[in-house]
There are 12 protein chains.
Amino acid sequence: MPNPIFILNGPNLNRLGVREPEIYGAETLDDIRAACADRAMAFGFNIEFRQTNHEGQLVDWVQEAADAAAALVINPAAYGHTSVALHDALKLVDAPIVEVHLSNPAARESFRRRNYVTRVADGTVSGFGATSYVLGVEAACRFAMKRSD
Amino acid sequence: MPNPIFILNGPNLNRLGVREPEIYGAETLDDIRAACADRAMAFGFNIEFRQTNHEGQLVDWVQEAADAAAALVINPAAYGHTSVALHDALKLVDAPIVEVHLSNPAARESFRRRNYVTRVADGTVSGFGATSYVLGVEAACRFAMKRSD
Amino acid sequence: MPNPIFILNGPNLNRLGVREPEIYGAETLDDIRAACADRAMAFGFNIEFRQTNHEGQLVDWVQEAADAAAALVINPAAYGHTSVALHDALKLVDAPIVEVHLSNPAARESFRRRNYVTRVADGTVSGFGATSYVLGVEAACRFAMKRSD
Amino acid sequence: MPNPIFILNGPNLNRLGVREPEIYGAETLDDIRAACADRAMAFGFNIEFRQTNHEGQLVDWVQEAADAAAALVINPAAYGHTSVALHDALKLVDAPIVEVHLSNPAARESFRRRNYVTRVADGTVSGFGATSYVLGVEAACRFAMKRSD
Amino acid sequence: MPNPIFILNGPNLNRLGVREPEIYGAETLDDIRAACADRAMAFGFNIEFRQTNHEGQLVDWVQEAADAAAALVINPAAYGHTSVALHDALKLVDAPIVEVHLSNPAARESFRRRNYVTRVADGTVSGFGATSYVLGVEAACRFAMKRSD
Amino acid sequence: MPNPIFILNGPNLNRLGVREPEIYGAETLDDIRAACADRAMAFGFNIEFRQTNHEGQLVDWVQEAADAAAALVINPAAYGHTSVALHDALKLVDAPIVEVHLSNPAARESFRRRNYVTRVADGTVSGFGATSYVLGVEAACRFAMKRSD
Amino acid sequence: MPNPIFILNGPNLNRLGVREPEIYGAETLDDIRAACADRAMAFGFNIEFRQTNHEGQLVDWVQEAADAAAALVINPAAYGHTSVALHDALKLVDAPIVEVHLSNPAARESFRRRNYVTRVADGTVSGFGATSYVLGVEAACRFAMKRSD
Amino acid sequence: MPNPIFILNGPNLNRLGVREPEIYGAETLDDIRAACADRAMAFGFNIEFRQTNHEGQLVDWVQEAADAAAALVINPAAYGHTSVALHDALKLVDAPIVEVHLSNPAARESFRRRNYVTRVADGTVSGFGATSYVLGVEAACRFAMKRSD
Amino acid sequence: MPNPIFILNGPNLNRLGVREPEIYGAETLDDIRAACADRAMAFGFNIEFRQTNHEGQLVDWVQEAADAAAALVINPAAYGHTSVALHDALKLVDAPIVEVHLSNPAARESFRRRNYVTRVADGTVSGFGATSYVLGVEAACRFAMKRSD
Amino acid sequence: MPNPIFILNGPNLNRLGVREPEIYGAETLDDIRAACADRAMAFGFNIEFRQTNHEGQLVDWVQEAADAAAALVINPAAYGHTSVALHDALKLVDAPIVEVHLSNPAARESFRRRNYVTRVADGTVSGFGATSYVLGVEAACRFAMKRSD
Amino acid sequence: MPNPIFILNGPNLNRLGVREPEIYGAETLDDIRAACADRAMAFGFNIEFRQTNHEGQLVDWVQEAADAAAALVINPAAYGHTSVALHDALKLVDAPIVEVHLSNPAARESFRRRNYVTRVADGTVSGFGATSYVLGVEAACRFAMKRSD
Amino acid sequence: MPNPIFILNGPNLNRLGVREPEIYGAETLDDIRAACADRAMAFGFNIEFRQTNHEGQLVDWVQEAADAAAALVINPAAYGHTSVALHDALKLVDAPIVEVHLSNPAARESFRRRNYVTRVADGTVSGFGATSYVLGVEAACRFAMKRSD
C-alpha cells in the first residue's frame, strides 16, 4: 500500500458550513473529507485528513508529511497569508504539494494577495468550493504516481 | 441568566504590571478582571476572562465565543497586528465585538498601524489603561442588550 | 466649580441624523449633547459643546480649551484626516484629550486611515455611535480628576 | 446537444513544446486539445478550442463565448497580466469562467503577480501543466451542469 | 464641407446595452451615434463613428484622424488604462482631442485611475452616459471652429 | 419655479483672468457666471453662483445646496485635492453633482491627481476653460430634469 | 514710500512662547514683529505683519499681497504641509516670496517633509528661531530692491 | 546565403519624420531601412525590415524570426513598455536580440522606465536617432557571426 | 552557580541537517547544542537549550527567561520575520539578548528583510552556520558577566 | 582671536559662474568667498573657505572643523543627497552647523528631496544665490557668539 | 588636430578579465582601450582613456573634459547608480556624452535600475561587452563631427 | 606564514571614542586593533588593519585584499548604506568576507536598513561594540582555515 495523501486544513475550516456561506458554501469539512477519500481511492490512495487552528501544529504536521506522505494537499486558510514558518516547513517536503482554496482569494481583501504557500506549492486549485479539494486530490495523486514510476 | 461577556486577552498581557509600566501602567491583569466583572455586573452580565500567548488558542476561544457569548471584548495585543486567522475567526461571530487597548497604538511603532481586528470589530476603546477595558465592557453590554431586545 | 469639559465637533456633524444614517444612526447632535451633559454631570463637570465646519475655528477653540478646559473631547470628523494645524494646536493642550468617532474609521475608505488627531490624543473611543461620546466623556472626566488630585 | 465549452488560448501558446520546456513541459497545444476533448466528452460536452497572439481577437472570441458557450476555460497567458480589455470582456460573460495556467505564476517574475483575469474568473487551476487544462475543463463542466439544472 | 469629427470607440463598447447596465445604461452604441450626429450637425460637422476591440486598429485610426479629422472624440475604454501606443499616436494629432467616458472612472476599480489618454487629451467629459458623448462632441466642434478661425 | 442650480467656486477663482492665463485663459469669473446663467435659462433654471477662498464656507454652502438646489455644479479648485470635509458634505447631497475644471488636472502637478470631489460627483467636465462650466451646467440641468420626472 | 513687506503667519503662531518652547524658543510673536520691523527699516521698508489660524484668511491675505506688497515673507506653519489653496494663491504673486520656519522641519515628523509653499517660494530660511524671520526679511528686502532697479 | 537580420518596428514608427521631430529627428523609416541595409550588407547579411501598429502582429513576427532570423533587431516603441506578450515571444528566440531606440527613454515620461523588451534583449542602443539602428545592426551582425563560428 | 544562558530555537530547526543543506550545512541541532554548552562552560555558564515550532511556546519561554536567564540567545527562524508577539515578549527581558542565524538573511528572499527580533536584540551574529551560535553564546556570556559586575 | 568659521563647499561648486547660470547666477566661488569674509568680519570672525569634489575630503574637513571651528557653514551640493558618511561626520561636530544652497532644491529634480545634511544641520538658508551664503554666515556667527557666552 | 574623445571608466573596471567573467567577458581594459583607439582613429580622433575607483576623481575628469574633449564616452560602473555629483558634473559638459555598459543592467540587481548618468547622456550602448565601447566611440565621433560642422 | 587577515574600516571610525559614545562606547580604534591582533594571533594569523574616510580608497584596498588576504573583515560604516562601488569590489574577493558593526543598525535611522555590503558578506556580527570585531575576526580565521584545508 502506498503512503497516504496528507490533506491538511488551517484555521477556521472546522467551522465550514457556518462561516460566511455566501462565500464558502454550505458543505462541512466532513463532506469534503468524504469526497476527497473517494477521489483518492480511485487512484489507489488513502488519505490522512486533519484540521487545526494552530500554526505550530500545522508546521508539525507538514514535517510529519515530509516523512510519510505520498503527496500533500493543503488549504492553509489564513496562515497562507502570514506564516513564513509554514513556508519553511513546506520547503522540507520532497513530495508534491498542492494548494487548494474554497474561494478565489483574488476577489477578496487585498491582504489575501500575499501567500507564502503558493510560492512553494507545485500547483493550486481555487474557487470551486469543495470541488477545489477533489480536483486538488486528483492532481496530487497524478503527481505522486508519476514520481513513483 | 444571559450568556456571559467573553473577555479575551492576547500575548504578554499575563505580564502586566511588569512590562513597560511607563506605557501600560502598574495594574495587573487580575486588577482588570475585577474591574470588568464589576462593570458587567452593573448591566446584569457575568464575564468569562482569559489570557493566552498562543494565536491558535485565541482562535479556538473566539470560535467558542461565537457559540456562547453575549458579546466579545478582545485585547488582541500583538496578534491584532499579524493574525489573519484571528480576523477570520472574528468574522464568524454574530455577537458584538469590542476591541480594547491599554495604550494608544497610533503613538507607537509603525508596524502597529495595521490591525486585522479593528477591521471586524464593532468599535474600539484605546489609550486609557485599565479604563479602556471598563468602558469597552460597558459598550459590549449596551450592544448586547440592544440586540436581545 | 472645576473648569468645564470641552466637547468640540468638526465638519458636517451638524447634519447628524440626516447624513448616511446607515453609518451614523438617527440621533442628532443635540441628542448627543444631552447625553454628554448627563454623564459629565455624574462626575461633577459641566460641558462646553460646540460644532463648526471651519478648520480655523476648530483651531481657535482648541487654543481656548488649552486655557480653560479640564479636559478636551474632540470628534474632528474629516479634519482628523487632513489637518496638521489641528494637530499642532492639540499639542498646545496640557489637559487630557479624548478623541471620539461615531463609526469605525478602519471599516471605511482608505484615506480615513491617516489621522493627525489620534497621534496626539491620550485615548480614542470609536464605533459606538452616540455611546462613543458618552464613554469618551467618562474617560475625560476620570483623567481630569486624576490630574487634579 | 448543449452549447460547447469554449477553451481560449492567449499569445505564444501555439509554440508550446518549443518554449522553455523546463517550465511548460514538452506537450504541444494539440495534445492538450485532445485531452480536453476527452474530459469534456465524459461530461457530455463538445469543446471549441482556439489560440491567438492578438489581444483584440481574444476579446472578440470572449464576446462570442458570451453568446454561445456553456462555460469558458481561458489560458490568457501574457494578456492576463496586462489586458483590461480582456477583463472587461469577461465581465460580459454570464457562463462560468475557469482560468488555467500551465505553470505557477507565483514562482515566476514579479510582473506576473498582477492578473486581470483572475479577478473575474470563478476559479483557477495552475501549475499542473496539461493537467491544469483537464482539471479546469472538469470544473467548467460541473459548473455548467449545475447552472443548467 | 469641413473635415469630419472622428469619434472612435474602444473595446467592448459594441456590447453597450448588454454590459453592466447598472453602470453604463441601456442605450446602444447606435443610439449614441445618432445623438452625436445630431449635435455635430448643429455645428455644421459630419461625423466618422467607429468601434474596434483591437488596440492596433485604434492606433491606425488615430493616425488616419491625424490627417483627416477636424477634431477627435475618443472613448478609449480599457485601452485608456493600458495603451502607451495609443498615447503616442494621439500625440501625433494636431486637431483637438476630447476624451469621453460613459461612467465616472474615479468611482470604479483602482486600476482605472491611470489613463494614458487623459494626459494628451485637451479635455474630458465623463459620468453622464450618452450625454458625455453629446457634450464632448459640442466641445470638439467649438474647439475645431476656433482653430479654423 | 424650480430650485436653482448652485454653482460653487473654490479658492483663487476670484482672481481668474489674472492668474496664469496661459493655463486658465483671460475670462473672468463674471464672464463665466453670465455664460452659465444663459445655458441654465435655456433649460428653465436660475443659478446661484458663488466663490470663496474658505474651505469651511464651501462646506456650509454645500449643506445649503443639499436643502435648496436642483443640482450642484462645483469647481472645488485646490480643495478638491485636499478636503475630506468637502467630500463628506457632498455625500449629504441628493441632487446631481457635476464637477468642472477649467484646465485638465492630469496634465499638471502630480499632487492634483488625488481628488476627493471626483469620487462623489456624478460626472466631470474638464479642460475646456469657461466651456467646461457651460457644458457642466447643461449636464446638471438634464440630470435635474430627469429626476424631477 | 515703497510698498510694505508683507509678513504672514499661519496657525498656532499666536501661541508662540507657550507652545513647545524646547523647539520654538521663548520669544513671542510680538518680539518677532519688532525684530522684523527693525531689519526692514534698515532697508527702507515698512512691514505689514499678521497672523491667522484660518487657511482661507491666509489665501485672502496672499491675494492682497499680490496687489500691494514689495515682497512677501510667509511662515505657513501647518498649512505649508497641507494647503494646495495656499500654493495656488502664492503662484499669483509676482513679488519675491520668502518662506521662514522657526525650527528645522527635516528634524521633525515625516508628514512635515511635504511642503506646498517651498515649491513656489524663491527661497527659504529655517531653523534659527526668530533669527529666521530677520534673515528672511533681509532676503526679501534685497530681492525687492533688485526688482525695483 | 545566411539567414537575414530581422528588423521589427512597433507602433507609430510609420509616422517617423512627422511625429515630434524635436525628439526623433526628420528622417523617415525608409531612410532608416536603407541605412540598415547598407551596414548589414557590409557584414554579408540581408535584412527583413517591417513595421506594424499591432501588438499581436509583432508577436507573430517575432515567432517567425525565431525560426528564420540570424539575429533580431527590434524597436518595440510603446509596446516595450506594456507588452508581456512580446516579452514572452522574445524568450522563444535563440538568435541574438538587439533593442534600439531613437531617443533616450530615461529622459522622457516616467512610464517609459519599465521595459519588458530590455529584460530579454542581449543589448540595447538608444538615443542616437537613426544611428541607433545602424549601430544596433552592427552589434546584431557581430553577435550572429560569432554564434555561427 | 549563576543563572543559565537560555538558547531558544524557532520553527523547523529540529529538522536541521535535513533541510536545504546547501544553505544551512549538515550539522544537527544536537551538534549545535553541544558546541554551545562547551563555549558557555568556558565562561562558567550552563545552558538551557530548547526548540519549538509554536510561536506561543516561544513567547512562554521568553517570559520564563525574563525571570531565570543570565542571558538569552535566540534563533527565531521564521518567527523573527512575522511575530510581533515575540518582539513584545523580548521587550520584557532585562537580560542581554543575542540573535543568531545560521545563514545570512540578506542573501535570501525579500520577505526575510523585516525582522522584529533584530529591533530588540542587543546584537546579532549571522551567516556562520553553527559558528554563529558559538560566537553568539560568547557574546551573551560576556554581556552577562559585565552586567553582574 | 576666536576660532574661524569653516565654510565648506562640495562638488562642482568650483565651476560656479560656468554651470547652469539660469539656476545659480553668474557669481564665482571667489566672489562668494569675499562676501562671506566681509559678513563674518562684521561679527569678529575669520573664515576658512574650501571646496572639493571628493566626498572623503569633505568628511576629513568636517572632522577638522569639529576640532577647530567656531561654526560650520556647508554647501554639500550633490553629496547632501547621497552621503551618509557626511551625515555621520557632521554628527561629530558640536559647533553650530548651517547648511546653505544657492538654489531652491524643492523646485528641482525629485532626487534632491532627500538630504542627509539637512537632518543634522541647525538651520538652512536656500534659494538666494550668493546671498544664501551671506545670511548663513550671519546665522553661524550669531549661533557661535551665543554659545561662547 | 581636433580635441580628443575622453573615455572615462569608473570603479572596479581595472579588474576587468578577473571580475565575474560570465557577465563581463575575459577582455581586459587595455584590450578595450586599443579597440577604442582604432575606431576613433577611423574618424580622425585621438582618445584620452582613464580609469579610477574614486568618485571625486571622476568628477574632476569630467570637469576637465568639459574644457578639452570633443566628446565624452563614460562607463560610470557603480557610480552611475549612486552619484549625483557625477550627474551634476556631466550637466556642465556641452560636448556629446555617450554612456556605455559592458553588460545589460536591466538583467541584474534591482538597485542598478536607477542611473543618474543615463538621465544626462545623449545616448547609451549596453550589453555588448567590449563592443559596447567601440559602438559608443563611433556614436561619439559622429556626434562630435556633426557639431563641429 | 599565511596571508594576513585584512581589517578595513570606513568613514569616521578614526573618531571612535569621541563620536556618540552612548552608541559606540569609549574604546578607540587603536584599542580595537589590539584586540583584533590578539584574537587573530590565537589562530596563527597576522592582521592588516586600516581606516579611511574615502570610498575610493576603500575600493582600492578591497581590490588589494582580493590578491593578498586570507580573509577580509570590514566595517564599512556609512559606505555600507550607499556604496555600490564597494559592493562590486567585494564581489571580486574569493576570500571569506565578514562584516562587523559596533552598534545594531536595525535600532537606528531607517536609511541604515539598506546595506550593500551585507548582501555580499559571508556573515555579519553587529551590536557588541569592540567585541563585534573580535568575534568577527574569529569567524574570519575559522573560515580561512577551513578553506586552506
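Check the entry above for the structure.
Calculation criteria
Sequence order as written defines the numbering, with residues in each chain counted from 1. Lettering of chains starts at A and numbering of ligands starts at 1, both following the order in which they are written. The predicted nature of this model means local features are confined to residues of pLDDT at least 70 and side-chain atom pairs, given and counted, to a pLDDT of 80 or more, with totals for whole chains, interfaces and linings taken over all residues. Heavy atoms from the whole structure form the basis of all side-chain values; hydrogens and water molecules are not counted. Least-squares superposition aligns the copies on the C-alpha atoms of those residues with pLDDT at or above 70 in both. Residue contacts are defined here by distance: any two heavy atoms, one from each residue, within 4.5 Å place the two residues in contact. Criterion used throughout: strands pair if DSSP finds at least two bridges between them. Secondary structure elements follow DSSP: runs of H or I of four or more residues count as helices, runs of E of two or more count as strands, with numbering from the N terminus. Where helices are involved, their axes are fitted lines through C-alpha atoms of the stretch in contact, as for all axes, and angles between N-to-C directions lie from 0 to 180°. Our angle categories are set so that under 35 degrees counts as roughly parallel, over 145 as roughly antiparallel, 65 to 115 as roughly perpendicular, and the remainder as oblique. Here is the rule for handedness: rotate from the far helix to the near one, and if that takes an anticlockwise turn smaller than a right angle the crossing is left-handed, while a clockwise turn gives right-handed. Ten residues, namely Ala, Val, Leu, Ile, Met, Phe, Trp, Tyr, Cys and Pro, are considered nonpolar, four, namely Asp, Glu, Lys and Arg, are considered charged, and the remaining ones, Gly among them, are considered polar. Two parts placed together each lose some accessible area under a 1.4 Å probe, and adding up what both lose gives the buried area. In what follows, salt bridge is the name for a side-chain nitrogen of Lys or Arg lying within 4 Å of a carboxyl oxygen of Asp or Glu. Counting of polar contacts relies on pairs of N or O atoms within 3.5 Å, with two restrictions inside protein: one atom must be capable of donating a hydrogen and the other of accepting it, and residues adjacent in sequence are counted only when both atoms are side-chain atoms. What a helix should span is 1.5 Å times the count of its residues minus one. Only protein chains enter the calculation, and the probe is 1.4 Å; a residue is then buried if its accessible area is under 20% of its type maximum, exposed if over 50%, and partly exposed in between. What the arc describes is the spread of directions from the helix axis to the C-beta atoms.

Peer 1: Honestly, the relation of the copies chain F and chain G in this entry has me stumped. Any pointers?
Peer 2: Copy one and copy two of the chain differ by a rotation about an axis and a translation along that axis. When chain F is fitted to chain G, the residual RMSD is 0.0 Å, and the transformation amounts to a turn of 120 degrees plus an axial shift of 0.0 Å. What the superposition gives is, in effect, a three-fold axis relating one chain to the other. Residue Thr 82 of chain F of chain F places its C-alpha closer to the rotation axis than any other residue of that unit, at 4.2 Å. The two copies present different faces, since only 18% of the interface residues in chain F are matched by interface residues at the equivalent positions in chain G.

Peer 1: Just checking my understanding: could you explain the sheet that holds strand 4 (residues 97–101) of chain L for this structure?
Peer 2: Two modes of strand pairing occur in sheets, parallel and antiparallel, and in both the strands are linked by backbone hydrogen bonds. The strand order across the open sheet formed by 10 strands is 2(I)-1(I)-3(I)-4(I)-5(I)-5(L)-4(L)-3(L)-1(L)-2(L), and the pairing between neighbours is mixed. Each end of this open sheet is capped by a strand with a single partner; those strands are strand 2 (47–51) of chain I together with strand 2 (47–51) of chain L. In this sheet, neighbouring strand axes are inclined to one another by 15 degrees on average, regardless of whether the strands run parallel or antiparallel. Two strands pair when backbone bridges link them, and strand 5 (residues 123–126) of chain I and strand 5 (residues 123–126) of chain L are joined in this way by 3 bridges, in the antiparallel orientation. Bridge assignment links Val 125 of chain I to a residue of strand 5 of chain L, and that residue is Val 125 of chain L.

Peer 1: Could you clarify how one ought to interpret the packing of helix 2 (residues 29–42) of chain K against helix 6 (residues 130–147) of chain K in this entry?
Peer 2: When two helices pack together, their arrangement is captured by the angle between the axes and the distance separating the axes. All names here are of chain K. Relative to each other, helix 2 and helix 6 sit at 30 degrees, their axes nearing to 9 Å. Between helix 2 and helix 6, the interaxial angle falls into the category roughly parallel. By crossing handedness, the relation of helix 2 to helix 6 is classed as right-handed. Within the contact between the two elements, helix 2 uses Leu 29, Ile 32, Ala 35, Cys 36, Arg 39 and Ala 40 and helix 6 uses Ala 130, Tyr 133, Val 134, Val 137, Glu 138 and Cys 141. A per-class count over the contact of helix 2 with helix 6 returns 10 nonpolar, no polar and 2 charged.

Peer 1: Which parts of the structure should I look at to understand the interface of chain F and chain G?
Peer 2: Where interface size is given, it is often the accessible area lost as the parts come together that is meant. Listed by partner, the interface residues are 17 residues for chain F and 19 residues for chain G. In total, chain F and chain G occlude about 1,600 Å² of area from one another, counting both sides; carbon and sulfur atoms represent 47% of this. Inspection of the region where chain F meets chain G yields 3 salt bridges. Arg 112 of chain F is paired through a salt bridge with Asp 88 of chain G; the nearest N and O atoms lie 2.8 Å apart. At the junction of chain F with chain G, the criterion picks out 8 residue pairs in polar contact (both at pLDDT 80 or more). Looking at which element gives the most residues to the side of chain F that touches chain G, the answer is helix 4 (residues 79–82) of chain F, with 3 residues. Each residue belonging to the side of chain F that touches chain G can be placed in one class, and the counts come to 4 nonpolar, 6 polar and 7 charged.

Peer 1: What exactly am I supposed to notice about the relation of the copies chain J and chain G here?
Peer 2: You can overlay chain J on chain G at an RMSD of 0.0 Å; the transform is a turn of 180 degrees with a shift of 0.0 Å along its axis. What the superposition gives is, in effect, a two-fold axis relating one chain to the other. In terms of C-alpha distance to the rotation axis, chain J has Val 125 of chain J as its closest residue, with the C-alpha 2.3 Å off the axis. Mapped onto chain G, 100% of the interface residues of chain J are again interface residues, and the two copies thus contact each other with one and the same surface.

Peer 1: Please explain the interface of chain J and chain G as it appears in this structure.
Peer 2: Counting residues at the interface gives 21 residues for chain J and 21 residues for chain G. Looking only at chain J, the three residues that lose the most surface to chain G are Asn 104, Phe 128 and Leu 135 of chain J, adding up to 29% of its buried area. Inspection of the chain J/chain G interface yields 2 salt bridges. In this structure, Arg 39 of chain J and Glu 138 of chain G form a salt bridge, with 3.0 Å as the shortest nitrogen-oxygen distance.

Peer 1: Would you take a moment to explain helix 2 (residues 29–42) of chain B for this structure?
Peer 2: Residue and element names in this part refer to chain B. Its 14 residues give helix 2 an end-to-end C-alpha distance of 20 Å, which sits within 8% of 20 Å, the value for a rise of 1.5 Å per residue. Residues of helix 2 that are buried include every one of Leu 29, Ile 32, Cys 36, Arg 39 and Ala 40, and no others. All buried residues of helix 2 project into a common sector of 100 degrees when viewed along the axis, lining one side. Turned more than 90 degrees from where helix 2 packs its buried face, Asp 30, Asp 38 and Ala 42 sit exposed.

Worth remembering: the numbers are spatial, not functional.
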